[in-house]
Each structure stands twice: as structure tokens, then as C-alpha cells.
Amino acid sequence: MAHAVTIKDIAKILNVSVSTVSRALRDTHDVNKETKERILALAAELNYKPNFNATGLAQGSTHNIGVVLPFITNYYFSTVITGIQEVAYDNNYNIILYITNDSPERELSIIRNLSLSSLDGLLVSVSSNSDSCGHFQEIMNEGTPIVFIDRVASNIDTSKVMQDDYNGAFEAVEHLIEQGYSKIAHIAGPKGLDFTEKRLNGYLDALKKHNISTREEWIIYSGFSQECGETDTIHLLKGEQRPDAIFAVNDRKAIGAMLALKKKHIAIGREMGVIGFTDDPICELISPSLTTIAEPAFDIGRTGCELLLKHISKKYFHPEEVVLPGKLITRESTLRSHSCPVKINF
């Protein structure tokens, strides 16, 4: 096996100290310019690769960050990961991914069994129905920084990056009202999640602004899946009074709602409007296409990772809360003049 080049090898060849090589490779300002250039040139020639495990022992850094997410199979979280990767890799950090499958029990098990000595920090999006976030506070108390992204623990004092759930929901519902819908239902996420409540409040305040009364039976809490959206919509259709529009907490639930409406031969748009939240690529592939609020998933991942690296490098970095705006994307599912075909094209 070929011998991996070390800073000791470079130091010996150039007849300089190991500490000089180390400082030159870290681009510090206390190394002579000519010496630094010689060291960098030789390091490139020998294809030197930093040993982060070794430097971690010396500097108290592993160059690993953990990322705890509910899912990786949907468009939103895969895009969040892309944003995280861009910043992490640009700063010579590796990411270690942990998936909770949206289970609070799995989340707790992952956090309890983390090897904190191998991580410099954590990026976390909490699972649904998570009763307590005390396990995250314990991690922070032990000195490992955490930044929350998307689904945040509101009672923990650290940096957080979210999309503007309240205003996104408000804009979605106001769009429905402007299109002539007045009996608007909301198929929400699970109770207790911060963004579930913010989207619910945006929905309620938009109705209030336009003097439209709310009906408790038209607000349904459940999971985030397409199946949940379909089940919630069937429940709404069985009620004494039927809504004329549905605001779904995410696109998958909105698509489930559309499937339920198609099965009942209810024309989407003309008879009942549907709007989602995310802007999953599938929104443009279905028929009719789905109006939605586009979330800044990539920027959430990127900004979250940038903040985590600041917490890692600066012991007393003051926590920041970043709220990124969404954008209304108008398509066929909220057009009153549109009458949809009876099939979905994938």
C-alpha cells in the first residue's frame, strides 16, 4: 500500500519545521510568503491530503457534521441536503446523515447513541409529534452546537433557519379568495409542530382579513403523505357542508386531495380549488398542474450549514433566527375557468 504523504514528509523534504508546514497549509499570516509558496507547491506535487482525524485530535475538530432529517426521499429534504453539502464541502467538512423516518422514538435513539467525539456540530430538522426536545438541549450543554432547520425546536436558544410559513400560508389562502373561493378548508400537518401552527395561523388570518368565517370541521390535522391528503379530503366531502377549496400543508397532501376529488368526479379548479406548499417538481407533471407556495429548500440547507460553522468556530457566536420568504406559483388547480381531465399524468 502506498504511503500517504504527511506534513512530516513535507517538512523533512523542505528542511522546515512541522509546525511551519501546518501553519502554511492553514494559510496563517505568520509564515514567510516564499516559504508558504514552496510548501503549497510541494503539497500539490505530492498530492497531499489533510488527515482530518489527526488534525481533529490536535485542534479539537473532526471536520464532521451530523445532519438529522425526517426523510431524504422527498424533493424538499433532498434539496436541503444539496444546500448543506455545498457549504460543508467548500469548507472541508464531511456530513454524516441520520434519518429519523419522522419518528420521535427513532430521533431520540439516534441522539442518545451519537458519538459526539466524532462530530463538530449538528444540523437538525425535528420529527413530527416530538413531545420534548430536551435531548437536543443536553447535547448543547455538553458543548456540541446545534442549528435547527425547517422544523425547529422553538424553546431552545440556538440558531434556526426556516421558511416564512405564516406569510406563505396567508398568501396561499388570499390567492384562493381572490380567485373567488370562499369556503376554504385546511388539511394541516400534525399538531405541535411549529410550522404546522404558523401555516394554520396564516390560513386563519387570511380568512379573518376577508371577513370569511372559519369552520372547525374544515381544519384537519394529520400526517404529510399523499395518503393522508386523500383521506382528509374524503372526510371533508362527507361533511354536511362541502368546501369549495382546499389549502394543503404540503404538495403531497394536495396531490392526495386531487386524487380524492378526481375519484368523486369533482372538477379541480372549476368546482374546487387546491393549493399546496413546497413546489415539488411533480406539481408541473400532474393534470391539472398544482398551484403552490415554493419553499427555499436549497437556501435553508445552505444558510443552516453556514450558521453551524460559525457556531463551531466561534464559541460565543450569538444565535440567529433566519426566516426566508416563499413564492406563490400559480397553476391550473386554482383557476375557476379550468376543468380538469379525469386522469393524472406522471
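Let me begin by describing the structure that accompanies this report. Source: prediction; values computed, not measured.

**A closer look at the pairing of strand S1 (residues 64-69)**
Here comes step 1: Within S1, six of the six residues are buried, which leaves it mostly tucked inside the rest of the structure.
Here comes step 2: Inspection of the sheet shows S1 paired to strand S2 (residues 94-99) by six bridges, in the parallel sense. Bridged to asparagine 64 within S2 is asparagine 94.
Here comes step 3: Across four bridges, the pairing between S1 and strand S3 (residues 121-124) is parallel. From the neighbouring strand, glycine 66 faces S3, where its bridge partner is leucine 122.

**Side note on the pattern of salt bridges**
Here comes step 1: Going through the model one piece at a time under the given rule, you end up with 13 salt bridges.
Here comes step 2: Close ionic contact of lysine 209 with glutamate 174 constitutes a salt bridge, the shortest N to O distance being 2.8 Å. Pair noted here: lysine 209 is in helix H9 (residues 194-209) and glutamate 174 is in helix H8 (residues 165-178), with a separation of 35 residues, a long-range link.
Here comes step 3: Taking the shortest distance from any N to any O, the salt bridge between arginine 336 and aspartate 244 comes out at 3.5 Å. Of this pair, arginine 336 sits in the segment after strand S12 (327-329) while aspartate 244 sits in the loop between helix H10 (226-237) and strand S8 (245-248), and the two are 92 residues apart along the sequence.

Here is what the cut-offs are and how they apply
Residues numbered from 1 in each chain as written. Predicted model: local features only at pLDDT ≥ 70, side-chain atom pairs only at ≥ 80, totals over all residues. Heavy atoms only, no water. Buried < 20%, exposed > 50% of the residue type's maximum accessible area, 1.4 Å probe, protein only. Helix = DSSP H or I, 4+ residues; strand = E, 2+ residues; numbered from the N terminus. Pairing = 2+ DSSP bridges. Salt bridge = Lys/Arg side-chain N within 4 Å of Asp/Glu carboxyl O.

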